[in-house]
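One-letter residues, chain by chain:
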Amino acid sequence: MEYRTLGLTDLKTAPLIFGGNVFGWTLNEKDSFDMIDAWLDAGFNMIDTADVYSKWAEGHAGGESESLLGRYFAERGNRDRIVLASKVGMEMPGQGQGLSRDWITTAIENSLRRLNTDYLDLYFAHTHDDSTPIHETMAAFDRLIADGKVRNIGASNYDGSRLVSALGAARDLEVPRYEVLQPFYNLYDRFDFENDLAEICREHQLGVTPYFALASGFLTGKYRSRADAEGRARAPFVDKYFDARGMRILDALDAVAARYETTPAAISLAWLIQRPSVTAPIVSATSMSQFDQLVAATSITLDEQALAALDEASATAPEERE
């Protein structure tokens, strides 16, 4: 397995990161444990979660994914085998939200308790917080690093101007900066990252770990119409993709996958892994057949013909941009 360095940190990850949003949601506890075991056995080493996973599910309040991982670590005793990332900032119902010093200080203790660990390898600001001065946020993260509770920090869902402001605040305060960006980026959702963030990440040598790498399952090709997604847990997330451009992308994925004798999912991930700004996409699987496609993606190198076909299909015309 190839390992890649996350930005300027000393953290190394395999070319894919497992997204823990499925733990305790679309993947029950036993199957989650089995999936993590398979992930490590295949040579992967990083898991990404968040305090709010999976508050959107009926009867959930957030913390379910972290708590499941904590039980996994307690049973397996293998916390040191995993590069572990979590996040703070989204609303935890009835508890708090944002990136203030007080909430970050409280949230990290809650996450560490649920995860049954003393530290996080990477802690993300899950979203920006306009109500808190950025210098306060960066100073709060600095304290967590100084206390040994967090090794490195990153940002998720930041636009270019907010990311530059945060990097500048860290420089002004002479404290650790965000070393990793977690953007919304995949073969369909290209415009915002490529036109607002990619150059900033290159200039500052930031690691990039895109989420929704398969567009909530749309890029696997299993949803060819809204009817295919109806009644599925991810139906609300894929609705926007059923347009002319989405169909062009699926057609191109089918053609390239046929040539490589693999699946559209594997091709979609191989494309993302090969992007010059990307360190490692975040992915999930809820079955071993899906898992096998993730593994397959890491051994595919797309040639110029394949890359050109995918780029042409996914090019975003002005009228198609929101």
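As shown above, the structure is provided for reference.
Note that the structure is predicted; figures quoted are calculated from it, not measured.

## Points about helix 11 (residues 288–297)
Right, so step 1: All of the buried residues in helix 11 are Phe291, Leu294 and Ala297. End-on, the buried residues of helix 11 take up no more than an arc of 115°, which puts them together on one face.
Right, so step 2: Those residues of helix 11 hidden inside the fold are in contact with helix 1 (29–41), helix 10 (264–273) and strand 10 (282–283).

## So, the packing of helix 1 against helix 11
Right, so step 1: The interhelical angle for the contact between helix 1 and helix 11, taken along N-to-C directions, is 25°, at an axis separation of 12 Å. Looking at the two axes, helix 1 sits roughly parallel to helix 11. Considering how the two elements wind past one another, helix 1 and helix 11 form a crossing that is right-handed. Residues Met35, Ala38 and Trp39 of helix 1 touch helix 11, and the partners they reach there are Met288, Phe291 and Leu294.
Right, so step 2: Here the contact of helix 1 with helix 11 is composed, by residue class, of 6 nonpolar, no polar and no charged.

## What about the pairing of strand 7 (residues 150–156)?
Right, so step 1: The element strand 7 is extensively covered by neighbouring structure, given that 6 of its 7 residues are classed as buried.
Right, so step 2: Of the strand pairs in this sheet, strand 6 (residues 120–125) and strand 7 are connected by 5 bridges, and their pairing is parallel. Residue pairing across strands places Ala125 opposite Ala155, the latter belonging to strand 7.
Right, so step 3: Relative to strand 8 (residues 178–182), strand 7 is paired through 4 bridges, and the arrangement is parallel. Bridge pairing in strand 8 places Ala155 opposite Leu181.
Right, so step 4: Handedness of the β-α-β unit built from strand 7, helix 5 (residues 160–173) and strand 8 comes out right-handed.

## As for helix 2 (residues 64–76)
Right, so step 1: Its 13 residues place the ends of helix 2 18 Å apart at the C-alpha level, agreeing with the 18 Å of an ideal helix rising 1.5 Å per residue.
Right, so step 2: Residues of helix 2 that are buried: Glu64, Ser65, Glu66, Leu68, Leu69, Gly70, Tyr72 and Phe73.
Right, so step 3: If you follow the buried residues of helix 2, they end up packed against helix 1, strand 4 (46–48), strand 5 (83–88) and helix 3 (101–115).
Right, so step 4: Gly77 sits one or two positions beyond helix 2 and adopts a positive phi of about 65°.

Parameters and conventions
- Residues numbered from 1 in each chain as written.
- Predicted model: local features only at pLDDT ≥ 70, side-chain atom pairs only at ≥ 80, totals over all residues.
- Heavy atoms only, no water.
- Buried < 20%, exposed > 50% of the residue type's maximum accessible area, 1.4 Å probe, protein only.
- Helix = DSSP H or I, 4+ residues; strand = E, 2+ residues; numbered from the N terminus.
- Arc of directions from axis to C-beta.
- Contact = heavy atoms within 4.5 Å.
- Axes fitted to C-alpha atoms, helices over the stretch in contact; angles between N-to-C directions.
- Parallel < 35°, antiparallel > 145°, perpendicular 65-115°, else oblique.
- Left-handed = near helix turned anticlockwise from the far one by under 90°.
- Nonpolar A, V, L, I, M, F, W, Y, C, P; charged D, E, K, R; others polar.
- Pairing = 2+ DSSP bridges.
- Right-handed = clockwise from strand over helix to strand, strands pointing away.
- Expected span 1.5 Å × (residues − 1).

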